[in-house]
Amino acid sequence: MSASTRAGIDHRDGAPYYPMFIDGAWTDAAEHYTIVDPATEAVVARAAKGRLAHADAAVAAAERAHESGVWRSMAPLERAAVLDDAAARLEARAEELTELGSRENGATVRLSGPFSVGQPVAFTRYFANLLRSYQFERPGPLMGPLLAAGTVRREPIGVCAGIVPWNFPLALAIWKAVPALAAGNTVVLKVDEKTPIGALEFARELAAAGVPEGVINVVTGDGEEVGARLAAHPDVRKIAFTGCTATGKEVMRAAAGNLKHVTLELGGKGANIVLADADVAMAVEGAIWACMMHSGQACEAGTRLLLPNSLHDEFVERLIARMRTLRLGNPLDPATDLGPLINAAQRERVLGYIETGQKEGAKLALGGGIPSGPGFEKGFWVEPTLFLDVTNDMAIAREEIFGPVLSVLRYDSDAEAVKIANDSEYGLSAGVWSRSNERALAVANELEAGSVWINDWHNMSPFYPFGGWKQSGLGRELGPDALDAYTEEKFISIDLTGRVENRAFGLVLGTGPN
Ligand code: NAD
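Residues numbered from 1 in each chain as written. Predicted model: local features only at pLDDT ≥ 70, side-chain atom pairs only at ≥ 80, totals over all residues. Heavy atoms only, no water.

S.K.: Help me understand the site of the ligand, please; the structure alone is not making it clear to me.
M.R.: Inspection of the region around the ligand gives 27 residues, with Val164, Lys190, Leu266, Cys299 and Glu400 positioned closest. At 2.7 Å from an oxygen atom of the ligand is found a side-chain nitrogen or oxygen belonging to lysine 190. Backbone polar atom of cysteine 244 to an oxygen atom of the ligand: 2.9 Å apart, as the coordinates give it. Counting residues per element, the ones that place at least two in the shell around the ligand are α8 (223-232), β12 (238-242) and α9 (245-255). Ranked by residues supplied to the shell around the ligand, first place goes to α8 with four residues. Each residue belonging to the shell around the ligand can be placed in one class, and the counts come to 14 nonpolar, seven polar and six charged. (Near = heavy atom within 4 Å. Polar contact = N/O pair within 3.5 Å; in protein donor to acceptor, adjacent residues only side chain to side chain. Helix = DSSP H or I, 4+ residues; strand = E, 2+ residues; numbered from the N terminus. Nonpolar A, V, L, I, M, F, W, Y, C, P; charged D, E, K, R; others polar.)

S.K.: Is there a simple way to think about the sheet that holds strand β5 (residues 32-36) in this case?
M.R.: Two pairing modes exist for strands in a sheet, parallel and antiparallel, and in both the strands are linked by backbone hydrogen bonds. Taken in spatial order, the four strands make up an open sheet running β1-β2-β6-β5, and their pairing is mixed. With one partner strand each, in any of the chains shown, β1 (11-12) and β5 form the two edges of the open sheet. Most of the contacts of helix α7 (residues 197-209) go to strand β2 (residues 15-18), to which it runs at about 65 degrees, and overall it touches β2, β5 and β6 (43-48). (Pairing = 2+ DSSP bridges. Contact = heavy atoms within 4.5 Å. Axes fitted to C-alpha atoms, helices over the stretch in contact; angles between N-to-C directions.)

S.K.: Help me understand the environment of arginine 253, please; the structure alone is not making it clear to me.
M.R.: Here arginine 253 shows up in helix α9. What makes arginine 253 exposed here is its relative accessible area of 55%. A C-alpha to C-alpha distance of 8.6 Å links arginine 253 and alanine 231, two positions 22 residues apart in sequence. (Buried < 20%, exposed > 50% of the residue type's maximum accessible area, 1.4 Å probe, protein only.)

S.K.: Could you clarify how one ought to interpret helix α6 (residues 169-182) in this entry?
M.R.: For an α-helix, 3.6 residues make a turn, and residues three or four places apart therefore share a direction. With 14 residues, α6 extends 20 Å between its outermost C-alpha atoms, agreeing within 8% with the 20 Å of an ideal straight helix rising 1.5 Å per residue. The sharpest bend along α6 comes to roughly 25 degrees, located at tryptophan 175, with the proline proline 179 sitting one to four residues further on. Within α6, 14 of the 14 residues are buried, which leaves it mostly tucked inside the rest of the structure. One or two residues past the end of α6 sits glycine 184, with phi positive at roughly 100 degrees. (Expected span 1.5 Å × (residues − 1). Bend = angle between axes of the 7 residues up to and from the residue.)

S.K.: Would you take a moment to explain a negative patch on the surface for this structure?
M.R.: Taken together, Glu360, Asp393, Glu399 and Glu425 make up a surface patch of like negative charges. Mapped onto the fold, glutamate 360 is located in the loop between α12 (344-359) and β16 (363-366). (Patch = residues over 30% accessible without salt bridge, like charges linked within 9 Å, V, L, I, M, F, W, Y side chains within 5 Å. Areas by Shrake-Rupley, 256 points an atom, 1.4 Å probe, with all protein chains shown as cover. Salt bridge = Lys/Arg side-chain N within 4 Å of Asp/Glu carboxyl O. Lys, Arg positive; Asp, Glu negative; His and termini not counted. Charge placed at Lys NZ, Arg CZ, Asp CG, Glu CD.)

S.K.: Help me out: how do you make sense of the sheet that holds strand β7 (residues 137-139) in this one?
M.R.: Taken in spatial order, the three strands line up as β7-β8-β24 in an open sheet, and their pairing is antiparallel. With partners counted over all chains shown, the strands left at the sheet margins are β7 and β24 (487-495), one partner each. The mean inter-strand angle of the sheet, taken between neighbouring strand axes irrespective of direction, is 20 degrees.

S.K.: How should the pairing of β2 be read in this particular structure?
M.R.: A regular strand places its side chains on the two faces of the sheet in alternate fashion. As paired elements, β1 and β2 share two bridges and run antiparallel to each other. Looking at β2, one finds that arginine 12 is bridged to alanine 15. Connecting the antiparallel pair β1 and β2 is a turn made up of two residues, with aspartate 13 showing a positive phi of about 50 degrees.

If you want it as structure tokens, here you go:
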């Protein structure tokens, strides 16, 4: 592997150049990616393009670091202090990281602040705190009085790989890397080729905070090559993946080779149910927030809006009026509501769905095109779009669009709303709007989704698990049990009798504290 350099310091063709971070060293590659600002198409940075050899080198470094015990043998309180220090270092760079986060994926600064800094810092601190009180060893009862004592140890799994997408690149990297590190594992992160900057900057701060060489590695590379290698690698013991459902299935197939632990956070088609007694003004705001946040590029977005026939016309009128006021434009302007889509391919995909929706007979009530005029000469824009008269069999109601496209479906009874909401291969998120908590809870209890928000959306707290039902995923991230997902259990039994010869021919050992 060629020259080692310091990320972001080296400039090539007038833009910062990011090598990968492998075995504690900034590691270059023969080819590179160009990171483009989706709002202006200006070059934000260049980044090394990782290949198979880099994936293998990162896994080998992580494996060596795991075997050496340099991290897993460190006292948990010390590891927690290192993670807290890394969080403080990120926080100290809040302004710079917010802007970089915006420029690498088009998120408005109002979103980039929370997702590039606020959440990474808070969640890192949360995992550090979880580590402080985590029971790595839980002694059990004596087995048959005085026959044997038992204890259950939770030990790090080994090399954990995380593969993350471009929509919330640093936040999602942290959901994987930090609980893995807290539990004492070593980590190889594969960032999306379009958005590598945040995670590479985080690796820099982890190293500066004292994470030893080889314990955190960040590689770039095409998913089909580098991502697939990590999913199949025999020395990777756990893979945590966030991305689309089709890729998640590939990852799971590849992970079967050595029966890796697998966590999958996949796509969604969130049903947002407005009940007939909802506060309409609040639910209109909520419907827009649920669907349009990050221009719809969120797995948990509420993209199917279910309206009762009794409220439909009034609601739609107010929704259209409010959507017309949304400010699309420069993500760095704090007044902007919606930024661009990540790239031209995503714009074409979204426009394709808008065409499909019309062909399927849905009524295009607002938007549907590419905005024009000053500020939109470059970049990958799609107008906030509203479809009415959508039925749940249409592609725009079944498939994940990942753009600013909201589909309105009608229903008559709460039970019918639940039926429509659950009629989806996805089950990541759902929401209910009502003035009655009792009525909203009755509906929430029937929904097949990993997260259900009542009179709200997108609320993700580290104290609660996040993940999907059905084809939205497998396993959970965050929550009070987050470290369990990064440990292996080991039962240790200690004989207390000193008379093992009595057991050698079938003496039944204690089955509990009898
Ligand atoms: P994607 O699946 O194409 O890519 C995600 C990551 O996987 C990237 O790093 C990519 O390089 C890598 N990858 C691609 N092919 C691979 C392969 N064969 N093996 C291993 N890795 C591979 O997803 P995307 O379209 O870039 O991201 C958007 C998707 O992510 C949406 O479907 C969205 O719903 C989902 N998402 C889910 C969550 C969640 O928590 N459930 C959160 C954010 C995004």
